Every structure is written in C-alpha cells, then in structure tokens.
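# Structural characterization, general
Below, each chain spelled out in residue letters.
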Amino acid sequence: PLQTASALTKTDNDFQTGHSFSLTNLTATTTYYFIVESKDKKGNTATSSQMSFTTAASPDTSAPSISAVGFSVGTSTATVTWTTNENSDSKVYYSSTTPINLGTATTKTDAALVTGHSLALTGLTPNTTYYFKVESNDASNNTSVSSETSFTTAALPVDATAPVISGVQATNIASTTASIAWNTDEAANSKVYYGLVS
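Read on for an overview of the structure. Please read all numbers here as calculations on a predicted model, not as lab measurements.

### Some words on the pairing of strand β8 (residues 129-137)
Across five bridges, strand β6 (residues 78-95) lies against β8 in antiparallel orientation. Bridge pairing in β8 places Ser95 opposite Tyr131. In this sheet, strand β10 (residues 149-152) lies alongside β8 in antiparallel orientation, the contact comprising four bridges. By the bridge assignment, Tyr130 is partnered in β10 with Phe151. Examined bridge by bridge, β8 and strand β9 (residues 143-145) share three bridges and lie antiparallel to one another. Considered in β9, the bridge of Ser136 is made with Ser144. In textbook terms, the turn of a hairpin is the stretch between consecutive antiparallel strands, and for β8 and β9 this stretch comprises five residues, one of which, Asn141, has a positive phi near 65°.

### Brief notes about the layout of surface pockets
Left-over empty space is what a probe sized like a water molecule reveals as it rolls over the atoms. Size it by volume and the largest pocket reaches roughly 1300 Å³. Lining the largest pocket we find 31 residues, and of these Thr9, Lys10, Phe21, Ile35 and Val36 sit closest to its centre. Elements with a contribution of two residues or more to the lining of the largest pocket: β1 (31-34) and β2 (37-39). Top contributing element to the lining of the largest pocket by residue count: β1, with four residues. Per-class residue counts for the lining of the largest pocket are 13 nonpolar, 12 polar and six charged. Of the volumes computed, that of the second largest pocket is approximately 150 Å³. Pro163, Ile165, Val168, Ile180, Trp182, Thr184, Ala188, Asn189, Lys191 and Val192 together form the lining of the second largest pocket. At three residues, the largest contribution of residues to the lining of the second largest pocket is made by strand β12 (residues 179-184). A breakdown of the residues in the lining of the second largest pocket according to their chemical character gives seven nonpolar, two polar and one charged.

Criteria and thresholds
Residues numbered from 1 in each chain as written. Predicted model: local features only at pLDDT ≥ 70, side-chain atom pairs only at ≥ 80, totals over all residues. Heavy atoms only, no water. Pairing = 2+ DSSP bridges. Helix = DSSP H or I, 4+ residues; strand = E, 2+ residues; numbered from the N terminus. 1 Å grid on protein atoms, 1.4 Å probe; cavity = no way out; pocket = protein on both sides within 12 Å on 5 of 7 lines; lining within 4 Å. Points joined across faces, edges and corners; volume = space filled by probe spheres on them. Nonpolar A, V, L, I, M, F, W, Y, C, P; charged D, E, K, R; others polar.

Shown next, in the form of structure tokens:
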C-alpha cells in the first residue's frame, strides 16, 4: 500500500466541494498509486481508499530507420528488399529516369507493418536501368525515405539454337498440287525450296 508519510503531495487550502489536481512530470508507462484526503473547517478528515492509474506511453516521434536495401532482378521483374528497426509499411517508387520524381514515379505498396520488407515489381522492360527509392511509415505515421538506388533488368537470353525439324512429308498429292508439312520444336517461320532438278 501507498505510504502517505513518504508520498509526494499536492495541497489546496481553499474550502470547496469540487476538487481537482493536475499531476505533472510523471514517467510514461508507469503505474501510480494515490489516496485523496479532505478536511472540513472543523478539522474532520476523510481519506479515500487507495486507487491507481497508469500513464500512457510517450508518443512515437521517431521515423523508422531504413537499412540493407537490396534487390534481385529478372528480365521483366525485380524484387526490392530492405529492413527497418520498427514495424512499418512498405513502398517502392521506381522509374527509368533519374533523378526519380516521387510525384510521378510508379509505385508498389504493402500496408502490412513489418521490419523485413520485400516488394516484387513486374512488367519491367528487359535490359533497362531503373532507379528507385523505398519508403516506410510506422504506426504513428513517421516516414523515412531511402536515397536513390538503381538496378538493371536482365537482357533476354540469346537464342543460338536453330529449330529442330521433324515429320517432313508430302501429302494431298494431285495432278497439279501437293502439300508439304513438317513440325519444329519451337515457333519458327516456314520456307519450302522445290524444283525439277534433284
């Protein structure tokens, strides 16, 4: 129980029926115990039972700290990753022009509050440099934006293998016409050489 002999006190010697005190310089997220006392003009004293309250947490005014910004790329995709020191949402601004304009850049977002961030960008042009910034907002709407970074999407693979022809046959042979048909193992165009000399 609260020891009144060693407790902090506030006193008002005016006689009234409505009583109120503002307690200041308290510590955030701390439980305080209190007892109130009133004495009338005749010296009769009344004391309440002990009660308590817990002060609120200090407001969060610090923006998340962004670190370990990284990426992995494909021909038309990229995954951008980063970490924050507190739970916050995820946003990537990206553009093929620099310096990146946050007002006109394409964005990708995720509202989940996390410390490990990962956003997949799709529909990118192969073999193209993209510039990007990441942004995170914490639950108190404190915002951090990273510096500009870039990545280059991979080039489309070079196809150096000719199609494989199979199933060549002459069909529907008539007196003045014939059909030549075949298959290839990949999409390819068609050409037939024909003549009277072998």
